[in-house]
Amino acid sequence: MALEQLSDVVQRCQALPDDSYTTENHDVFTIAGRACIEEGHSAQVLSIILDEKNQDIVRCMGWNLLPPLIQVLLKKEDKNLPQCLAIFNHLLKTCRPKELLIGLLEQLEQDDPVVIAESIHLLLNPLQKVLLSLGVRKASSLGMTLSSVLDQVAKLPLPHTKEQEEDDVFSLCRCCTDLTDFVRPFVHEARLNTLSCDERRIKIREEPEGVKEDELRTELLKYCMKTLSHPLLEVQLKDPDTLAMSPLRNFATEVLKTLRAIGESLPDLVYQPLLKRKQVQGFLEEEVRYPRESLASLAHLVFVHHLTADTFPSVFSPVFSLRSNMEHISLLLSRTDESRIQKGLELYEKSLVRVDDGCLPADLLEIKTFLTVPENLVKVMTLCQRHDLRTRGLKVLQMSIDKFDTKAKYNFFQYMLKTSNHSGVEGYIIKNIRNQIDIALKPGNSNTWFEGAHLLPLLRKVLILPDGPETDLLQYLDRIMESLNLLRYLVIRDKVTENQTGIWTELYKIEDTFMKPLRVGVNMSRAHYEKELQNTMETKKNKARENPMISVSVGDEKLPNMTTESQIQALHSALHTFDMIESVLVRIEELTEVQDNL
């Protein structure tokens, strides 16, 4: 039935000019032709398609047969595969390019990852041929095609392990390789256009702003920026020692080569935050033309994986590179996605390692990113789910501290104590302060920032209880213990007769603002927890058989339900903590009394 309908409509249309086919003709040809292919009559359809008398019909309406043809080609095992492939190839040579483009792009739209990968592999080469046939009018169509393909690639799972990339279990690697082959002729054409344009500028001494934007170059730039964001910002590339032949690393390299081929300077892109870019006329605004995440991904590829690093002039100092990369690092660390956080930490570490210790001046802290990056690091160290990223965040924080000179360290510590709002982080900063004081007190290392008049304002920020005697000692334990350790160190290390740090002239204030309130807080907390312990012990005796799970309140907060034994253990642990705080307090008081009596 379908074959008869197809034959009838083709016979009717043979007598008509190709611009006078009716809507009914189109509909019957489409429905009947698709049905014939689906029912296995591909040989008969091929005969009709190849008939010389039908070429005008094929040119106008043949592209409507693409959906069932592509379904057969994707299955690969259909007995009609050779005939369908012959029909497909003939349509590619005969049909109008714009209609073919629409038909092929429609068939790219899939949801199943396996089908997506197979569709991309099958259709990219035909799409390339169609686009090349469009001549100088291809730019917008190329942009539409690349956008559609990358949207499909974004649906594919990412390989996380070396084995997954080697085996290409999700077919992402093959798709990236296919993409590289697909864009190659367009990149070559854009490169020639760029060279020709440059020669024309030189010949007529025309300013770059006076040359019309090359649309082909613009579409390829958009493609590069999009691939830098996904998949390249999402995947963790393997270094050559881990995976000698990495398809994804090769893909990243090709993307960077494409940027250079279309006239983009990689150093200018990486250092964009510090180098004022030329204003380029065109329909893309700066933020759209060069998305910040894409530039951050580019910086990571260059500085962490050293891709195309040989194109970077050595004139840029490590400090300049760090300053520029701080924009990229701040952006990556501000995200919640772990792949971006990891890349932000890697880029920060690689940027810092090239900088000499103690050489970054305090003026850098006036640059916003030198403060936002530590703030983001604190969030990584305290909130990130992955232990390795939290640990790495702490390592990179210490690296950044080591790179500052003494004045910068001093200002940085003040800022972190003011903004971190986390006892563990504050404790870590206080430990760093003690280390800097220790260095300053060594013979020949005197400096004005960690002894004497400058040190005292910093000590006042350290040796204080956030909420006075009412401070939650368990919540602020890390900060309190490091503060006590610092104070104990100072009264041991700095003799009252020398008073290099000024601690002895400040001690009476410290006793009023820190030691006495802390002792009151310890006594109050101990009394409270001892009462809770007593109540819990009584509960255990009286109600253990009736209700083995109990609830205990400490302050205004209700502790989670747990066994009586666990509650008792937790309360004993708290009391032990108060004893530990008090023992250090007592030791400091003993040391100050001995020094006063000297």
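Residues numbered from 1 in each chain as written. Predicted model: local features only at pLDDT ≥ 70, side-chain atom pairs only at ≥ 80, totals over all residues. Heavy atoms only, no water.

1. Structural notes on the overall build of the protein chain
No. 1: Check the secondary structure of the protein chain and you find 26 helices and four strands.
No. 2: Compactness check: the protein chain gives a C-alpha radius of gyration of 35 Å against a globular reference of 25 Å for 598 residues, more than 25% above the reference.
No. 3: Expressed as lengths along the three principal axes of its C-alpha atoms, the size of the protein chain is roughly 120 × 80 × 40 Å.
No. 4: Sorting the 598 residues of the protein chain into buried and exposed places 49% on the buried side.
No. 5: The contacts of the protein chain with a sequence gap of at least 6 include a subset with a gap of at least 24, amounting to 74%.
No. 6: Approximately 29300 Å² of the protein chain is accessible, and the part contributed by carbon and sulfur atoms is 51%.
No. 7: Of the charged side chains in the protein chain, 71 are positive and 87 negative; the average position of the first set lies 3 Å away from that of the second. (Helix = DSSP H or I, 4+ residues; strand = E, 2+ residues; numbered from the N terminus. Rg over C-alpha atoms; globule rule 2.2 N^0.38 Å. Buried < 20%, exposed > 50% of the residue type's maximum accessible area, 1.4 Å probe, protein only. Contact = heavy atoms within 4.5 Å. Areas by Shrake-Rupley, 256 points an atom, 1.4 Å probe, with all protein chains shown as cover. Lys, Arg positive; Asp, Glu negative; His and termini not counted. Charge placed at Lys NZ, Arg CZ, Asp CG, Glu CD.)

2. A look at the pattern of salt bridges
No. 1: Applying the stated criterion across every chain, the model contains 31 salt bridges.
No. 2: In this structure, Asp 181 engages Arg 184 in a salt bridge whose closest nitrogen and oxygen atoms are separated by 2.9 Å. Placement of both Asp 181 and Arg 184 in helix H11 (residues 172–204) is noted, with a separation of three residues, approximately one turn of the helix.
No. 3: Relative accessible area serves as the criterion here: at 39%, Asp 181 is assigned to the partly exposed category.
No. 4: Taking the shortest distance from any N to any O, the salt bridge between Glu 293 and Arg 335 comes out at 2.9 Å. Remark: Arg 335 occurs in the loop between helix H17 (318–333) and helix H18 (338–353) and Glu 293 occurs in helix H16 (residues 292–303); sequence separation between them is 42 residues. (Salt bridge = Lys/Arg side-chain N within 4 Å of Asp/Glu carboxyl O.)

3. Describing unusual backbone geometry
No. 1: Residue Pro 231 follows His 230 across a cis peptide bond; omega there is 15°.
No. 2: Within the secondary structure, Pro 231 sits in the loop between helix H12 (215–229) and helix H13 (247–261).
No. 3: In the Ramachandran plot, Ser 171 falls in the positive-phi region, its phi being about 65° despite a non-glycine side chain.
No. 4: The class for Ser 171 is buried, based on a relative accessible area of 18%.

4. Some words on the side chain of Glu 349
No. 1: Tracing the backbone through its elements, the reader meets Glu 349 in helix H18.
No. 2: Ignoring sequence-local partners within four residues, the contact set of Glu 349 consists of Arg 392, Lys 395, Val 396 and Met 399.

5. Details of helix H21 (residues 406–419)
No. 1: Between its first and last C-alpha, H21 extends 20 Å over 14 residues, near the 20 Å set by a 1.5 Å rise per residue.
No. 2: When H21 is considered as a whole, its buried residues turn out to be Ala 408, Lys 409, Tyr 410, Phe 412, Phe 413, Met 416 and Leu 417.
No. 3: Elements in contact with the buried residues of H21: helix H19 (369–383), helix H20 (387–403), helix H22 (423–441), helix H23 (455–462) and helix H24 (477–493).
No. 4: Taken from the residues just after H21, Asn 421 is the one with a positive phi, measuring 55°. (Expected span 1.5 Å × (residues − 1).)

6. Considerations on the packing of aromatic side chains
No. 1: The final tally for this structure, using the stated rule, is 13 aromatic pairs.
No. 2: The structure contains a cluster of three or more aromatic residues connected by ring pairs, namely Phe 404, Tyr 410, Phe 412, Phe 413, Trp 449 and Phe 450. (Phe/Tyr/Trp six-rings, centres within 6.5 Å; stacked < 30°, edge-to-face > 60°.)

7. Section: the side chain of Arg 479
No. 1: If you trace the backbone, Arg 479 turns up in helix H24.
No. 2: The class for Arg 479 is buried, based on a relative accessible area of 6%.

The analysis is restricted to geometry; functional conclusions fall outside its scope.
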